[in-house]
Amino acid sequence: MPELPDAVVYRRRLADAALSRPIADTTVVDPLILGDGLEPHRFDKVLRDRTLTDTHRHGKHVFARYGEETGWLALHFGMTGRVEIVEDGTMPEYAYVQIHFEEGGALAFECPRKFARVRLVDTPESFVEAKDLGPDACRADVETFLAPFENRRGTIKGRLLDQSVVAGLGNIYADEALYQEGIHPRTTVSALSEADLWGLYEAIQTVLDAAVAVDADPEALDPDRFMLPHRYGDERCPKTGAPLETETVSGRTAYYSPARQPPPE
């Protein structure tokens, strides 16, 4: 499932190859991908003859400006969504929403499982507020990060996945950050000290920065430092050599190292 590092890659892709290119028209192969009741004819009418001029990202959401004071394209990638720039006319199989440029080429929004959404919104800020998204996991300072955890209940894994607490983390990078800090995913928030949460904040920054540096390919992370390459490989803790284990936490499969992340009492 695309998470914050993937969204960083897709925003850069838009910024590098889709800005300042006048839009000729659009194609919506499956209207299900359009969110908030947006109809294909309105999508086309709004974007036709426009130009994307700027990009923005918050958490797992990517935005591209087409208007002046207001008017942004909002992309959320669901479980299998991605953005591709198509220059040779060969559309990917699951390019359910396409934006065609006057000079040729197109922006393709793919989603094989159809959980992704494309929307037209006023501004990124108004969208973030309306969706009750928490601070961006990469941009929040430590005080902003810590504030939503005050008086929170439940497991730390569940809270990290709650986009109203912190925006951008999903299953795999939450697991990696908890692994780095030696915190079992089933640990309750109330059992963690401020120092624990501070350390977790630092671990999140380290993990996300490393993931962005390898273009959001978790298997390309340094296998001597990170658990994720082993999650997809030998399933052993890179620091202890002990087998990784899995457990369902907050409805998701959590990978962890019992040797490094002892379960709560």
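Above this text sits the structure in question.
To start, this report covers the structure provided alongside it. Note that the coordinates shown come from a computational prediction; the quantities given were computed from them, not determined experimentally.

**Considering a negative patch on the surface**
And then number 1: Where like charges cluster on the molecular surface, the negative patch consists of Asp-141, Glu-143, Glu-150 and Glu-194.
And then number 2: Within the fold, Asp-141 resides in the loop between helix 3 (124–130) and helix 4 (142–146).

**With respect to the pattern of salt bridges**
And then number 1: Taken as a whole and judged by the stated rule, the model has 14 salt bridges.
And then number 2: One salt bridge connects Glu-110 with Arg-82, and the closest N-O pair in it is separated by 3.6 Å. Remark: Arg-82 occurs in strand 5 (residues 82–86) and Glu-110 occurs in strand 7 (residues 106–110); sequence separation between them is 28 residues.
And then number 3: Residue Glu-110 is classed as buried on the basis of its relative accessible area of 11%.
And then number 4: A salt bridge links Arg-186 to Glu-247, with the nearest nitrogen and oxygen atoms 2.4 Å apart. You can see Arg-186 sitting in the loop between helix 6 (171–181) and helix 7 (194–213) and its partner Glu-247 sitting in strand 9 (residues 245–249), a full 61 residues away along the chain.
And then number 5: Sharing partners across several salt bridges, the network here consists of Arg-13, Arg-82, Glu-84 and Glu-110.

**What to know about unusual backbone geometry**
And then number 1: At Ser-20, a position not held by glycine, the phi torsion is positive, near 65°.
And then number 2: For Glu-235, which is not a glycine, the phi torsion comes out positive at approximately 55°.
And then number 3: For Glu-235, the position within the fold is in the loop between helix 8 (228–231) and strand 9.

**So, the sheet that holds strand 1 (residues 23–28)**
And then number 1: Read across the open sheet, the four strands follow the order 1-6-7-5; overall the sheet is antiparallel. Either end of the sheet is taken by a strand with one partner, and the two such strands are strand 1 and strand 5. Averaged over neighbouring strand pairs, the angle between their axes works out to 15° when direction is ignored.
And then number 2: Against the sheet, helix 1 (residues 4–17) makes contact with strand 5 and strand 7, and its axis sits at roughly 20° relative to strand 5, the strand it touches most.
And then number 3: Across the face of the sheet, helix 2 (residues 40–47) comes into contact with strand 1 and strand 6 (95–101) while running at roughly 165° to strand 1.

**Details of the environment of Ala-254**
And then number 1: Looking at the element boundaries, Ala-254 is found in strand 10 (residues 252–256).
And then number 2: Sequence-wise, Ala-254 and Lys-157 are 97 residues apart; in three dimensions their C-alpha atoms are separated by 8.3 Å.
And then number 3: Apart from the residues lying within four places of it in its own chain, the contact partners of Ala-254 are Lys-157, Asp-175, Pro-185, Glu-245, Thr-246, Glu-247 and Val-249.

**Here's the deal with empty space enclosed by the protein**
The rolling of a water-molecule-sized probe over the atoms marks out the regions of remaining empty space.
And then number 1: Here the structure, examined in full by the defined rule, presents one cavity of 30 Å³ or more.
And then number 2: As a volume, the largest cavity reaches approximately 50 Å³.
And then number 3: Forming the walls of the largest cavity are Phe-43, Leu-73, Leu-75, Val-97, Ile-99, Leu-107, Ala-108, Phe-109 and Val-118.
And then number 4: Listing elements by their share of the lining of the largest cavity, those giving two or more residues are strand 4 (72–76), strand 6 and strand 7.
And then number 5: Considering every element that reaches the lining of the largest cavity, the biggest residue donor is strand 7, with three residues.
And then number 6: A class-by-class count of the residues in the lining of the largest cavity yields nine nonpolar, no polar and no charged.

Conventions and cut-offs
- Residues numbered from 1 in each chain as written.
- Predicted model: local features only at pLDDT ≥ 70, side-chain atom pairs only at ≥ 80, totals over all residues.
- Heavy atoms only, no water.
- Patch = residues over 30% accessible without salt bridge, like charges linked within 9 Å, V, L, I, M, F, W, Y side chains within 5 Å.
- Areas by Shrake-Rupley, 256 points an atom, 1.4 Å probe, with all protein chains shown as cover.
- Salt bridge = Lys/Arg side-chain N within 4 Å of Asp/Glu carboxyl O.
- Lys, Arg positive; Asp, Glu negative; His and termini not counted.
- Charge placed at Lys NZ, Arg CZ, Asp CG, Glu CD.
- Helix = DSSP H or I, 4+ residues; strand = E, 2+ residues; numbered from the N terminus.
- Buried < 20%, exposed > 50% of the residue type's maximum accessible area, 1.4 Å probe, protein only.
- Pairing = 2+ DSSP bridges.
- Axes fitted to C-alpha atoms, helices over the stretch in contact; angles between N-to-C directions.
- Contact = heavy atoms within 4.5 Å.
- 1 Å grid on protein atoms, 1.4 Å probe; cavity = no way out; pocket = protein on both sides within 12 Å on 5 of 7 lines; lining within 4 Å.
- Points joined across faces, edges and corners; volume = space filled by probe spheres on them.
- Nonpolar A, V, L, I, M, F, W, Y, C, P; charged D, E, K, R; others polar.

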